[in-house]
2 protein chains.
Amino acid sequence: MGDKDSLVLFMPSGRRGRFPKGTTALQAARALGLGIESICGGRLTCGKCKVRAEEGEFPKHGIASSADHLSPPGDDERQLLASMHADDCRLACTAQITGDVLIYVPEESRAQKQIIRKAAGERAIAIDPAIRQVYVEVDAAALGEHRGDWRRLQDALAQEWDLTGLTIDLTALRDLQPALAKGNRGLTVVVWNEREVIDLRPGYAEGIYGLAVDIGSTTVAAYLCDLRTGAVLATESAMNPQITYGEDLMSRVSYAMTHADGTGKMHDAIIKTMNKLASQAAHSAGLRARDIHELVVAGNTTMVHLFLGIDPRELGGAPFALANRDAMDIKARDLGLRVQPAANVHVLPAEAGHVGADNVAVLLAEEPHRQDEIWLVVDVGTNAEIVLGNRDWMLSASSPTGPAFEGAQISAGMRAAPGAMERVRINGETGHVNFRVIGDERWSDDWNLQAAGHLDGRPEYLAAGICGSGIIEAVAELFLAGILLPEGRFHPGYVSERLVWEGRKAAYMLATPEQTASGQPIFVTQDDVRNIQLAKAALYAGAKILMKRAGVEQVDRIVLAGAFGSYIDPLHALILGLVPDCDPERIVAVGNAAGDGARIALLNRQKRAEAQQLAHWVRYIETAVAQDFQDEFVAAIHLPHASDPYPHLEGMLPAVEPVAPVARVRRFRSR
Amino acid sequence: MGDKDSLVLFMPSGRRGRFPKGTTALQAARALGLGIESICGGRLTCGKCKVRAEEGEFPKHGIASSADHLSPPGDDERQLLASMHADDCRLACTAQITGDVLIYVPEESRAQKQIIRKAAGERAIAIDPAIRQVYVEVDAAALGEHRGDWRRLQDALAQEWDLTGLTIDLTALRDLQPALAKGNRGLTVVVWNEREVIDLRPGYAEGIYGLAVDIGSTTVAAYLCDLRTGAVLATESAMNPQITYGEDLMSRVSYAMTHADGTGKMHDAIIKTMNKLASQAAHSAGLRARDIHELVVAGNTTMVHLFLGIDPRELGGAPFALANRDAMDIKARDLGLRVQPAANVHVLPAEAGHVGADNVAVLLAEEPHRQDEIWLVVDVGTNAEIVLGNRDWMLSASSPTGPAFEGAQISAGMRAAPGAMERVRINGETGHVNFRVIGDERWSDDWNLQAAGHLDGRPEYLAAGICGSGIIEAVAELFLAGILLPEGRFHPGYVSERLVWEGRKAAYMLATPEQTASGQPIFVTQDDVRNIQLAKAALYAGAKILMKRAGVEQVDRIVLAGAFGSYIDPLHALILGLVPDCDPERIVAVGNAAGDGARIALLNRQKRAEAQQLAHWVRYIETAVAQDFQDEFVAAIHLPHASDPYPHLEGMLPAVEPVAPVARVRRFRSR
């Protein structure tokens, strides 16, 4: 470069280089590999490439910068900046370098923006989606020149955006000529993975959106995201309609095996629900479903098979062969999804027959593979996926917890919806129960059932049932209060009006008739306790097997993810023996991490490559064939007591030994 | 290679090399780049790789060969060969080389077989379709190994067939595990373009088929081909149902412009017809429509746009912009075609707004671009596409002939179906008409209308109307007989019972009431003659413009393709002035060359690349903007007479000068 070239320094990246006068700031940034947003390609339409020239000496950076070292703005640029209240900025696409200048690129102008995820750990996501929008002006057709409009568009995309070798979806090709006519040869083009034109609109028309979906056995959650900012515009969830065909995975697999077109029915059901969620989410964000240009799907292996319309029967028995383990890209229309017809659905990869894309998504979101510490990550749904490890190694397993943690198989169980008891405290002296329901901030002790309105103390919702986190707290509190014995039976010597016996089985009243919506009391029954015990024992045994395989005695951090995850109280989880010992301060609940991971893969295509690597890197331990799993499971059925290895609960656990070992329990059907 | 390696010579290719003992003949052939058929991969199932070891001295080739220089056949091989009546052969996949040997590879075992096309010129087509079938045995799933069955299949395809980087269509993925189970881990896989698995079947299941379709404005023709042998298993044709929406291209374009969803309706109509043709063709070949794994489509630009569901309105006016000019590959299901759902439709490229994929297909079939001579290739349908050139240069044009050559716009016109008059002779002395109808070999003079049955001389079909070739011959014969004047009027001085006057217009009776099915006479009217004149003038003018542009006075050969092509008589075409002067011996009619070209592209994927190059290489001349087209057109409306430049018709044409120049005629609507 000549001596007369000017020094340009971009901050905060610190990239610098010398450029001939007349180079635009955008050209300079690109030459330095620095991404600055731009859709209109220098046509002073989009205003995405705002930058600021700094004034003064910057000895630390060896530059004396002046805002006058950019060519003066024209009227169009000035007006556009004023309309955006950014008079102190310049547009990088038109501002030419005339001398040494330090250019500050604000966050919103950076091509790889970051957004902060709200849940635990506040992690940043770099915005780099698989689809992008560009504006082009396409040559008019002329007699004697026969390129065809698609070739003309390809030429414009190559020339203006360096996009070459593109294909076009037939649906977009059908729109091409009408859009060219309407947009006066100007088009906003949506390009997937720098490979395919999937949509186009007349003129300048900003806006691309994506949907991240986590298909759980019980709940389907969808997140509509703005792919430019990463913002979640709408969150929708629904019951998985396949529940009609079977509550847990194994019953759905058997439905597929025993019914003609059972797979087809369950496939249609989930597609229908996803269409509903997509259209609801779009509607709440003021969009149409066809504005959704990209989807990412996570789910356990059975859910992903059914979503793809693949018979899951092989997952029902050893060796649990997946039809496909790797990530896939499928046109939305081929699945019957009513979004942008050429939209792509990216299905995250699986680790093994029972650790699916949902767990890979949890890893993307929580990143145990980037830690020095040893993390235990537990994703609880109808099945629990368990991951143990750090940056050097990682083991995974699946445990058949059953749906008790989601409030199913519990007599008064219900989903986490308004009126569900989610927090429970039991007075160890009196046996009095204080609780909170979803939808009301107040504890039941502060309710004024006689009051006329909510403001006077009347609860918004009376108790309607008990959800996953409520039952966990209730069982743990009953145990701490000495009402439950370590083996899980109600204490035969405990006397309270709330403890009602029927033969040899008892039930404890959590909510009195006045406190409930139905006017009937809400009990925790002996069977409820037993179901929670079985579920937590399966979870604990899975974690324990991984720790044994890895030779790990103690984990540094426990991450609880899943449907109940964001409500669960770490201390109660420990007291119940849901997880191995850990400093309660270092047990975090992160909510639907699988959904977060799907969203991350939606917003950043590099993360898809990372997911694919992770899926192959994590070593899967098949608990179904682990000799010691059954032993660990049986040993974990009782509730922890003073002699159990829970140093962090010292002094809190009852000293009582379990009365008798619990009989061997049938393995759950819910693989 | 060591000295002990044996010399192997393959004939007829002449490829030779030295190989270690124990190399199979198939491995040796592949190492020499010689393709030998094989589906089962050495499992002694398919018997495709039959070769013959020759016995004796071959001094010319420097080899002393012995059949004993192949390892002796095992029982399985012997039995398989016997079952194929090929006891003198060996299977290249198992026969190991043990000494110098000359191996003859019979035609049917060569990977690139050739078939001879039946139509004019008997051209050979090398069989190299875009899809192939391979048999693999896929590893069983095992606990502790989590590849997934698709990865296992990929590994088998890579190992056994060197096929890497494949994707799989979702419909094939859905079939994967059931097929593996049914085929006991053995699969026959259909691979498209070495890129994508589009179908799979349990066990060894040979058979791949394709459909070549030529979509004409009036007729749709479909050819079902065996992609292994190139054989045409079934030919089906149907009226293009879009005729309901307009007879010629321009009226269909205006239908699209003036009717909501006009494009959609015409798209649906052609798809429905193609589905019918596919299913009929499959049925006649004893197959199902879903056995069709690949399609190639040719058609004029408007037909291709409508087939793709693209609004053709831009083709209705200058600058006649195509939505897409290049070849496309589209999933059959995305077009609503009910064949193998993952089948690919290859749409041939176009040259310009009015010279479409059908003309490119004609070039593929007739290969004027491989000639030293200058060829004129004319494809006549509702529009005529005209190509002029040789291996060094080529010009193309489109001429709006209208549908007269297909029997439309003719008072007694009909399609080429049984009963249609296709040959006509008129006695110059008496005016007597002798004709032949489709469906009966005899001329009408040999009919015995009084006879009881066909064998006694009664015609199988009485005359029902007149088709394209019939009207051309009739007009030419009327002219030769002096009944028509060169300007196209009936001779006012000609007296015959057959010439009936009505005011200033006359009509000539071709068939008497007794000779027709309806009992009504069949006439050629003055308007019929005029319509044929207009059509032939458009064709002639187009050819003439190309000759002028190229500076060519005389063409060496004329190829007449199109619906009437195979019936037309070269001499009558000349007499009518349909084409410029040429030795009648060197005028050939080749029938539906566009259909042949589509079939060639179906059977050989290299031809698709050639088509794409041709489409760009041919220089298109826009007759619509050619100043001189209108003049040539008007000048060509009269019928040739002695002073016209037809040296090859010397002495045959009447010396009469045209009475008066024909008034300027409106341009046809049928662009």
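Residues numbered from 1 in each chain as written. Chains lettered and ligands numbered in written order. Predicted model: local features only at pLDDT ≥ 70, side-chain atom pairs only at ≥ 80, totals over all residues. Heavy atoms only, no water.

(A) Focus on the overall build of chain A. Along chain A, the regular secondary structure elements total 14 helices and 31 strands. Taken along its principal axes, the extent of the C-alpha atoms in chain A is 95 × 65 × 60 Å. Out of the 671 residues belonging to chain A, those deemed buried represent 61%. Put simply, chain A shows about 25400 Å² of open surface, and 49% of that area lies on carbon and sulfur atoms. A distance of 4 Å separates the average location of the 68 positive side-chain charges in chain A from that of its 85 negative side-chain charges. (Helix = DSSP H or I, 4+ residues; strand = E, 2+ residues; numbered from the N terminus. Buried < 20%, exposed > 50% of the residue type's maximum accessible area, 1.4 Å probe, protein only. Areas by Shrake-Rupley, 256 points an atom, 1.4 Å probe, with all protein chains shown as cover. Lys, Arg positive; Asp, Glu negative; His and termini not counted. Charge placed at Lys NZ, Arg CZ, Asp CG, Glu CD.)

(B) Region of the structure containing the environment of Asp 248 of chain B. Along the chain, the position of Asp 248 of chain B falls in the loop between strand E16 (232-239) and helix H5 (249-258). When the C-alpha positions of Asp 248 of chain B and Lys 276 of chain B are compared, they lie 23 Å apart, and in sequence the two are 28 residues distant.

(C) The arrangement of helix H5 (residues 249-258) of chain A in detail. Considered for burial, the residues of H5 of chain A that qualify are Leu 249, Ser 251, Arg 252, Val 253, Tyr 255 and Ala 256 of chain A. Along its buried surface, H5 of chain A packs onto helix H6 (262-284) and helix H7 (301-308) of chain A. (Contact = heavy atoms within 4.5 Å.)

(D) Examining the pairing of strand E12 (residues 186-192) of chain B more closely. Residue and element names in this part refer to chain B. Extensive coverage of E12 is indicated by the burial of seven of its seven residues. Where burial is concerned, the two faces of E12 agree: the one with Gly 186, Thr 188, Val 190 and Trp 192 and the one with Leu 187, Val 189 and Val 191 are both buried. For E12 and strand E13 (residues 196-202), the ladder comprises six bridges, and the chain directions are antiparallel. Within E13, the position partnered with Thr 188 by the bridge is Arg 201. What sits between E12 and E13 in their antiparallel hairpin is a turn of three residues, with Asn 193 showing a positive phi close to 50°. (Pairing = 2+ DSSP bridges.)

(E) View of the sheet that holds strand E3 (residues 50-53) of chain A. Residues and elements named next belong to chain A. An order of E2-E1-E7-E3-E6 is seen for the five strands of this open sheet, with the pairing classed as mixed. Looking along the sheet, the strands with just one partner apiece sit at the ends: strand E2 (16-19) and strand E6 (90-91). Note: strand E1 (residues 6-11) against strand E7 (residues 101-104), four bridges, orientation parallel. What sits directly across from Leu 9, in E7, is Leu 102.

(F) Molecular detail of the interface of chain B and chain A. Contact with chain B, which involves 42 residues of that partner, is made by 42 residues of chain A. Put simply, chain B and chain A have four salt bridges between them. Between Asp 326 of chain B and Arg 151 of chain A there is a salt bridge; the shortest N-O distance is 3.2 Å. Where the side of chain B that touches chain A is concerned, the elements lending two or more residues are helix H3 (149-161), helix H4 (170-182) and strand E18 (328-331) of chain B. Of the residues belonging to the side of chain B that touches chain A, the class tally is 22 nonpolar, seven polar and 13 charged. (Salt bridge = Lys/Arg side-chain N within 4 Å of Asp/Glu carboxyl O. Nonpolar A, V, L, I, M, F, W, Y, C, P; charged D, E, K, R; others polar.)

(G) Just the packing of helix H8 (residues 357-366) of chain A against helix H13 (residues 606-617) of chain A, in detail. All names here are of chain A. Their axes nearest at 10 Å, the elements H8 and H13 cross at an angle of 120°. What the angle tells us is that H8 and H13 run oblique. Judged by the sense of rotation from one axis to the other, the crossing of H8 with H13 is right-handed. Facing H8, whose interface residues are Val 360, Leu 363 and Leu 364, H13 presents Lys 607, Glu 610, Ala 611, Leu 614 and Ala 615. Residue composition of the contact of H8 with H13, by class: six nonpolar, no polar and two charged. (Axes fitted to C-alpha atoms, helices over the stretch in contact; angles between N-to-C directions. Parallel < 35°, antiparallel > 145°, perpendicular 65-115°, else oblique. Left-handed = near helix turned anticlockwise from the far one by under 90°.)

(H) Representation of the domain arrangement of chain A. Residue and element names in this part refer to chain A. Each domain of chain A was delimited in the assignment, giving domain 1 (6-109), domain 2 (131-202) and domain 3 (405-527). Each of domain 1 and domain 2 has a C-alpha centre, and these two points are 29 Å apart. Domain 1 puts six residues into the contact, and the matching count from domain 2 is seven residues. Carbon and sulfur atoms supply 51% of the area that domain 1 and domain 2 bury against each other, a total of about 520 Å² over both sides. Contact with domain 2 buries area across many residues of domain 1, yet Arg 30, Ile 39 and Arg 43 alone supply 80% of it, more than any other trio. In this assembly, domain 1 and domain 2 are joined by two salt bridges. A salt bridge links Glu 160 to Arg 43; the shortest N-O distance between them is 2.7 Å. (Domains from an automatic or database assignment. Buried area = accessible area lost by both parts, 1.4 Å probe.)

(I) How the structure looks around the pairing of strand E7 (residues 101-104) of chain B. Taken together, the two bridges between strand E3 (residues 50-53) of chain B and E7 of chain B define a ladder with antiparallel strand orientation. Looking across to E7 of chain B, one finds that Ala 53 of chain B is bridged to Ile 103 of chain B.

(J) Spatial organisation of the relation of the copies chain B and chain A. Expressed as a screw transformation, the operator carrying chain B onto chain A has a rotation angle of 180° and an axial translation of 0.1 Å, and the superposed copies differ by an RMSD of 0.2 Å. One copy is carried onto the other by what is essentially a two-fold rotation axis. Proximity to the rotation axis, assessed at the C-alpha, singles out Asp 334 of chain B in chain B; its C-alpha lies 4.3 Å from the axis. Of all interface residues in chain B, 100% are interface residues in chain A too; the two copies therefore contact each other through one and the same surface. (Least-squares fit on C-alpha atoms with pLDDT ≥ 70 in both.)

(K) Layout of the pattern of salt bridges. One pass over the full model with this rule turns up 82 salt bridges over all chains. The closest approach of N and O atoms between Arg 370 of chain A and Glu 610 of chain A, which form a salt bridge, is 2.7 Å. Of this pair, Arg 370 of chain A sits in the loop between H8 and strand E20 (375-380) while Glu 610 of chain A is found in helix H13, placing the two residues 240 residues apart along the sequence. We note a salt bridge from Arg 185 of chain B to Asp 149 of chain B, for which the minimum N-O separation is 2.8 Å. One end of the pair, Arg 185 of chain B, is in the loop between H4 and E12; the other, Asp 149 of chain B, is in helix H3, with 36 residues separating them in the sequence. Asp 149 of chain B matches Arg 185 of chain B in its accessibility class, with the two residues each being buried.

(L) How the structure looks around the confidence of the model for chain A. Residues and elements named next belong to chain A. On average, chain A scores 89 in pLDDT, and the residues at 70 or more come to 94%. Counting interchain partners and residues more than four positions distant, the pLDDT-below-50 stretch residues 116-121 has 15 contacts. Confidence drops under a pLDDT of 50 for residues 658-671, and excluding neighbours within four residues, the segment shows 44 contacts in the predicted structure. Per the prediction output, this complex has pTM 0.84; the corresponding ipTM is 0.83. (pLDDT = per-residue confidence, 0-100.)

(M) Focus on the packing of aromatic side chains. Residue and element names in this part refer to chain B. Applying the stated criterion to the full structure yields eight aromatic pairs over all chains. Ring centres of Phe 435 and Trp 447 lie 5.3 Å apart, and the angle between their planes is 85°; this geometry places the pair in the edge-to-face category. Taken together, the positions of Phe 435 in strand E24 (residues 433-437) and Trp 447 in the loop between E24 and strand E25 (465-466) put the pair 12 residues apart, joining distant regions of the chain. Of the two residues, Phe 435 and Trp 447, both sit in the buried class. (Phe/Tyr/Trp six-rings, centres within 6.5 Å; stacked < 30°, edge-to-face > 60°.)

(N) Just the side chain of Asp 581 of chain A, in detail. Residue and element names in this part refer to chain A. For Asp 581, the position within the fold is in the loop between helix H11 (570-576) and strand E30 (587-591). No salt bridge forms around the buried Asp 581; measuring N to O, its nearest opposite-charge neighbour Lys 544 is 9.1 Å away. In terms of polar contacts, Asp 581 uses its side chain to reach the side chain of His 648, at 2.8 Å. Apart from the residues within four sequence positions on either side, Asp 581 is in contact with Gln 554, Val 555, Leu 574, Pro 645, Tyr 646, Pro 647, His 648 and Leu 649. (Polar contact = N/O pair within 3.5 Å; in protein donor to acceptor, adjacent residues only side chain to side chain.)

(O) Focus on the sheet that holds strand E13 (residues 196-202) of chain A. All names here are of chain A. An order of E10-E12-E13-E11 is seen for the four strands of this open sheet, with the pairing classed as mixed. In this open sheet, the two edge strands, each paired with only one partner strand, are strand E10 (131-137) and strand E11 (167-168). Along the sheet, helix H3 (residues 149-161) contacts E10, E11, strand E12 (186-192) and E13; its crossing angle with E10, the most-contacted strand, is approximately 105°. Each of E11, E12 and E13 is contacted by helix H4 (residues 170-182), which is oriented at about 30° to E13, the strand it contacts most.

(P) Looking closely at the packing of H8 of chain A against helix H12 (residues 593-603) of chain A. Residues and elements named next belong to chain A. The interhelical angle for the contact between H8 and H12, taken along N-to-C directions, is 75°, at an axis separation of 7 Å. Put simply, H8 runs roughly perpendicular to H12. Of the residues in H12, those in contact with Asp 358, Ala 361, Val 362, Leu 364, Ala 365 and Glu 366 of H8 are Ala 593, Ala 594, Asp 596, Gly 597, Ala 598, Ile 600 and Ala 601. Its residues placed into classes, the contact of H8 with H12 shows nine nonpolar, one polar and three charged.

(Q) Layout of the state of the cysteines. Residue and element names in this part refer to chain B. Under the criterion given, the structure shown has zero disulfides over all chains. Cys 40 supplies the cysteine sulfur nearest to Cys 46, a cysteine that is in no disulfide, at a spacing of 3.7 Å. A disulfide-free cysteine, Cys 89 has its sulfur positioned 10 Å from the sulfur of Cys 49, the nearest such atom. You can call Cys 89 buried: its relative accessible area is 9%. (Disulfide = S-S within 2.5 Å.)

(R) Molecular detail of the side chain of Asp 226 of chain B. Among the structural elements, Asp 226 of chain B can be located in strand E15 (residues 219-226). Setting aside its immediate chain neighbours within four residues, Asp 226 of chain B contacts Ile 208, Tyr 209, Ala 231, Leu 233 and Leu 603 of chain B.

(S) View of unusual backbone geometry. Here Met 11 of chain B and Pro 12 of chain B are connected by a cis peptide whose omega angle stands at 5°. Within the secondary structure layout, Pro 12 of chain B lies in the loop between strand E1 (6-11) and strand E2 (16-19). Cis peptide bonds are those with omega within 30 degrees of zero, and the linkage from Ala 318 of chain B to Pro 319 of chain B qualifies with 0°. One non-glycine residue, Glu 367 of chain A, adopts positive backbone phi at about 55°. By the secondary structure assignment, Glu 367 of chain A is in the loop between H8 and E20. Classification of Glu 367 of chain A as buried rests on a relative accessible area of 11%. Of note, His 85 of chain B is a non-glycine position whose phi angle comes to about 55°, a positive value. Structurally, His 85 of chain B can be placed in the loop between helix H2 (75-83) and strand E6 (90-91).

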